[in-house]
Structure formats: structure tokens, C-alpha cells
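Per-entry structural report
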Amino acid sequence: MKSSYDFAILGGGIAGVSAAYFLSKTAKVALIEREPSWGFHASGRSAAVFIEAYDNFILSDLTLDSKDFFINPDPEFSESPIVQPLGGVTVFRPDELEQAQSYLTHWQTRCPSLRLIDQSDAVSLIPILKAEAIAGAIYDPNLLSIDTHQLLQCMLRGVRKHGGQLFCGIDSEPRITLHNIWEIDVGKVSVRAPVLINAAGAWANEVALMTGQQPLPLTPARRTAAVIKVPGGAPDWPMLKTFNQQLYVKPEQPGLLVSPQDETPSAAADAYPDELDLAVAIERFEKLCEFSVSRIHRSWAGLRTLTPDRRPVLGFANTEEKFFWIAGQGGAGIQTAPALGRIAADALIHGAAISSQLDPCRFARADDVSA
Ligand SMILES: Cc1cc2nc3c(=O)[nH]c(=O)nc-3n(C[C@H](O)[C@H](O)[C@H](O)COP(=O)(O)OP(=O)(O)OC[C@H]3O[C@@H](n4cnc5c(N)ncnc54)[C@H](O)[C@@H]3O)c2cc1C
């Protein structure tokens, strides 16, 4: 049996789910995920934080554009906010003071709440910090924690309510017909749609190759997280980060989540933590904090998919066969998901223009790659 839709979306992580949510408000959508559950890969393994001054101004714009959706969700979408205040403390060493000051000058134009705090203020916010290891910190009062599970579930409920179809646990191979209609077998039914949306995360290039499209310069990179137990459970502290991006620590039950901020290029696969990355995380944590780790409570790894300019790809690379990309969000795919999903829907339904900074074709233009 054939079933016709306006859009078929491959990938049930936050990118595909968010696009499905916004598109399904006015269009007929089929969302197809290979794994038996939604958000099984990167989207279910993130640190789940919202950081306005993230990586570059494009990611920051997309993050700021998503903020209201998280803080003031439509009551029909969610009765409670998707985010909670957390705050962030980025510590720097004496030799990093100048760099920290220029970082502030660069970011304060759009994130005016960022401010320098001294060593003792940092220690009073995070009492286990070793004062002698730092010269000061940048305080971010706007850093938020995101309830990713709630976000995914509310969006999926929205898709169902709007009449969208969800297919989970389906290993599919899309093919294009002579009339440029995509066909995807999902069990006994064959989904047909004029537009295929590739939201397959680390597998986005695999999907491109399997459908005869040009792959893009996307690099899946492993990131590791370990949770350690703390007496009394997760403390009421802000997130701790090092200025040189070697470590972050976030309150997470039953204690603290610690990441060495690794970025190891990896094949698209179900990622597992490497023992060495876990050991590095604990070593860096113990060097910066007065806390001895006797054992890791649990650990995991996930793939963040990077582009050469660390900006996502959003849009058509092949307008004839209508193959639309949402990929390469790096470490910001959760915090930018509402904006990316909404921009995709505005473009696909109303023909709204997408910023050339996100254009999947930009990598063909050599001068744009190294921004
Ligand atoms: C440790 C870690 C910490 C992070 N912290 C943060 C953070 O604090 N804040 C933030 O915003 N972001 C964070 N990120 C990044 C964020 O998790 C990703 O950017 C985001 O989840 C990417 O979403 P996605 O939907 O593109 O990919 P995924 O969640 O990986 O989803 C892609 C889906 O496509 C499916 N798929 C693949 N091939 C097919 C196929 N042929 N057919 C059907 N389905 C297919 C896969 O099974 C997968 O479920 C973090 C990531 C990691 C790993």
C-alpha cells in the first residue's frame, strides 16, 4: 500500500522531530527512525544545556531564536518550561586572562549579562574549586539546563496531534522514482513524498550516499560523559567549564556530570566511551577541584557532527530531487532545534529564504569553508 505525504523525514533525533513538529502544523509529514526509540543517539546523550555564547554568532543566533520556545512554551505544547536556570562559571588561569578579556569583548555585544568574576566569587559559587588553580572566571547567569526528554516527547505528541505519522524501528532505504517522488518502505506501507528531509545526524552522509546525493564535509566526533556520585546528590551549583575547553562539570543526579570535551573523529556508529577519555576527564576534574573520585557511577558517549566552519547545514543541496539537509549542528543541536525546525518549515512551506551561512552548497565555494 502507498501512502502520500508532503514531507518524509529520516532521523528521529531532535533535528528530525523538531522539523516534523513545525512542518506537521500545516503539512502532511512522515517521520522515520531506524532505532527502536526516539532520540536514541546524540539527542538522548547530550549534556542538555543552553549556552547563548556558543562557538560562533550563527549558532548563537539560532540559540537565541530558540530561547522563547523553551522558556515560554505554548501551554498546549507543554504546561511547564522546557528549561531551568543553571548559570555557568568558565574558569581561566592567570596566563589566559587577556584571552578571557577579549572573549568577553567579543561576546558581550550580544550576551551583555556575561561578566568577569574574581577567584573568590568563583569559589563561593562552586565550593570544591581549587582557588590556586584559577585566576578568575566568566559568569553566565543565562546558562540553562534543558529537559531534553520533555522536549522530544512534547514535540512527538504535537506531531501526532497534527496528524503526522511516526515510524520507529524501521531500517529504510529511500529511492527516487522517475517522477522525482521519494519512496520509502516502512513495513507493509510505502511512504511517498516529493521532499526527503535528511536529519540522520552522524549518518547524514550515509543517507546521502544511499540516495545518490553528494555527501557534505560532515565529521562525526565522539564526546564522552561520566557521572560521579556526590554525597547528598547533585549540588545546587552552576555549570563549571574551563576556558581552554578541556573540561566541563554539570550537576546531574546522583552527583556531577564530567566531560573532557573530547572531539575524536569517528565513524557513524553507536558510540561507546573510551577508557582513556574517562580517565582524562577524572584527572582534569581532580586537578581543578577538591574532590577525589573513587568510581564512575555511569558513563556514555555520543557523536556530535561537525562541519568545517562549525555552522549547521540547512537547506536543499539538490533542488531537482528535493533532498533537504538538517545536519552538522555540532554541540548545539538541542539548544538550536526549535529555530532550525521553524526555519526549515518556513522555507519548505512558505518559500522563506534561509541564511546563506547555513547553505549546504557553501562548501563547494572554497572561500567560505574556513570561516
Ligand atoms: C556528550 C554530548 C553532549 C552534548 N551536549 C549538548 C548540549 O548541552 N546542548 C546542545 O544543544 N547539544 C548538545 N550536544 C549535541 C546534540 O546532542 C546534537 O547536536 C543533536 O542531538 C543532534 O541531533 P540530530 O537529530 O541531528 O542527531 P541524532 O540525535 O543522532 O539523531 C539522528 C537519528 O537519525 C537516525 N538515522 C540514521 N540513519 C537513519 C536511516 N537511514 N533511517 C532512519 N533513521 C536514521 C539515527 O538512528 C538517529 O536516531 C551534545 C552531544 C553529545 C554527544
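What counts, and where the lines are drawn
- Residues numbered from 1 in each chain as written.
- Predicted model: local features only at pLDDT ≥ 70, side-chain atom pairs only at ≥ 80, totals over all residues.
- Heavy atoms only, no water.
- Near = heavy atom within 4 Å.
- Polar contact = N/O pair within 3.5 Å; in protein donor to acceptor, adjacent residues only side chain to side chain.
- Areas by Shrake-Rupley, 256 points an atom, 1.4 Å probe, with all protein chains shown as cover.
- Helix = DSSP H or I, 4+ residues; strand = E, 2+ residues; numbered from the N terminus.
- Nonpolar A, V, L, I, M, F, W, Y, C, P; charged D, E, K, R; others polar.
- Domains from an automatic or database assignment.
- Salt bridge = Lys/Arg side-chain N within 4 Å of Asp/Glu carboxyl O.
- Buried < 20%, exposed > 50% of the residue type's maximum accessible area, 1.4 Å probe, protein only.
- Axes fitted to C-alpha atoms, helices over the stretch in contact; angles between N-to-C directions.
- Left-handed = near helix turned anticlockwise from the far one by under 90°.
- Contact = heavy atoms within 4.5 Å.
- Pairing = 2+ DSSP bridges.
- Buried area = accessible area lost by both parts, 1.4 Å probe.
- Core = buried A, V, L, I, M, F, W, Y, C linked by side-chain atoms within 4.5 Å.
- Phe/Tyr/Trp six-rings, centres within 6.5 Å; stacked < 30°, edge-to-face > 60°.
- Lys NZ or Arg CZ within 6 Å of the ring centre and 35° of its normal.

To continue, consider the site of the ligand. Taken together, 36 residues are adjacent to the ligand, and Glu 33, Ser 43, Val 49, Ile 334 and Gln 335 come closest. Here an oxygen atom of the ligand sits 2.6 Å away from a polar atom, N or O, in the side chain of Glu 33. Contact between the ligand and Ala 42: an oxygen atom at 3.2 Å from a main-chain N or O atom of the residue. Notes on the ligand: free accessible area 1,000 Å², of which the protein chains cover 98%. Elements supplying a minimum of two residues to the shell around the ligand: α1 (14-23), β3 (29-33) and β20 (296-306). With 3 residues, the single largest contributor to the shell around the ligand is β20. Residue composition of the shell around the ligand, grouped by class: 16 nonpolar, 14 polar and 6 charged. Here the shell around the ligand spans two domains, and each of domain 1 (2-65 + 148-217 + 309-368) and domain 2 (88-141 + 219-305) adds at least three residues to it.

Applying the stated rule across the entire model yields 20 salt bridges. Across the pair Glu 76 and Lys 161 runs a salt bridge, and its minimum N-O distance is 2.9 Å. One end of the pair, Glu 76, is in the loop between α2 (57-71) and β5 (83-85); the other, Lys 161, is in helix α5 (residues 148-161), with 85 residues separating them in the sequence. Note on Glu 76: relative accessible area 58%, which makes it exposed. Look at the salt bridges and you will find they share partners, linking Lys 2, Arg 175, Glu 183, Asp 185 and Arg 192 into a network.

It is worth spelling out the packing of α1 against α5 at this point. Here α1 crosses α5 at 40°, and the two axes come no closer than 8 Å. Handedness of the crossing formed by α1 with α5: left-handed. Of the residues in α5, those in contact with Ile 14, Val 17, Ser 18, Ala 20, Tyr 21 and Phe 22 of α1 are Leu 151, Leu 152, Met 155, Leu 156, Gly 158 and Val 159.

Most of strand β18 (residues 255-259) sits out of view: 5 of its 5 residues are buried. In this structure, strand β15 (residues 219-229) lies alongside β18, joined through 4 bridges in antiparallel fashion. Paired with Ala 226 across the bridge in β18 is Val 258. Where strand β17 (residues 248-252) folds back onto β18 in an antiparallel hairpin, the turn is made up of 2 residues.

Before going further, it helps to spend a moment on the domain arrangement of the chain. What the domain assignment lists for the chain is domain 1 (2-65 + 148-217 + 309-368) and domain 2 (88-141 + 219-305). Taken over C-alpha atoms, the centre of domain 1 sits 30 Å from the centre of domain 2. With 27 residues of domain 1 at the contact, the number on the domain 2 side is 25 residues. Overall, the association of domain 1 and domain 2 removes approximately 2,000 Å² of surface from exposure, summing both partners, and the carbon and sulfur fraction of that is 54%. Considering only the side of domain 1, the residues that lose the most area to domain 2 are Arg 45, Ala 53 and Phe 57, jointly responsible for 30% of the buried surface there. Counting every contact that joins domain 1 to domain 2 gives 3 salt bridges.

Okay, the sheet that holds strand β10 (residues 165-168) next. The strand order across the open sheet formed by 6 strands is β10-β3-β2-β14-β22-β21, and the pairing between neighbours is mixed. The open sheet has two edge strands with one neighbour each: β10 and β21 (313-318). On average, each strand axis in the sheet is inclined to that of its neighbour by 20°, with strand direction left out of account. Where strand β2 (residues 7-10) and strand β14 (residues 195-198) come together, 4 bridges link them in parallel fashion. Following the sheet pairing, Phe 7 is matched in β14 by Val 195. Set on the sheet, helix α8 (residues 337-350) makes contact with β2, β14, β21 and β22 (323-327); between it and β21 the angle comes to about 35°.

In space, the 3 strands of this open sheet follow the order β4-β9-β5, with antiparallel pairing throughout. Edge positions in the sheet fall to β4 (49-50) and β5, since each of these pairs with one other strand and no more. Bridging between β5 and strand β9 (residues 144-146) involves 3 bridges; their strand directions are antiparallel. Opposite Pro 85, over in β9, you have Leu 144 as the bridge partner.

Quick look at the nonpolar core now. Counting residues in each nonpolar core, the largest one holds 45 residues, and the members touching the most others are Ile 9, Leu 23, Leu 151, Met 155 and Ile 197. Residue contributions to this core peak at 8 residues, all from α1. Not counting residues up to four positions away in its chain, the partners in contact with Leu 23 are Phe 7, Ile 9, Val 29, Ile 197, Ala 345, Leu 348 and Ile 349. Grouped together as the second largest cluster of nonpolar side chains are 29 residues, Tyr 5, Ala 30, Ile 170 and Ala 204 included.

On inspection of all chains with the given rule, the structure shows 14 aromatic pairs. With a centroid separation of 5.1 Å and an interplanar angle of 90°, the aromatic rings of Phe 316 and Phe 324 are classed as edge-to-face. The buried category is assigned to Phe 324, whose relative accessible area is 1%. Through a chain of ring-to-ring contacts, three or more aromatic side chains come together here, namely Tyr 21, Phe 22, Phe 50, Phe 69, Phe 70 and Phe 77. Taking the ring centre of Phe 57 as reference, the NZ or CZ of Arg 110 above it sits at 3.9 Å.

For the rest of this paragraph, the subject is the environment of Ile 71. Within the secondary structure, Ile 71 sits in helix α2. Remark: the alpha-carbon pair of Ile 71 and Pro 85, spanning 14 residues in sequence, is separated by 9.9 Å. Those residues within four positions of Ile 71 in sequence are excluded, and the remaining contacts are Pro 81, Val 83 and Leu 144.

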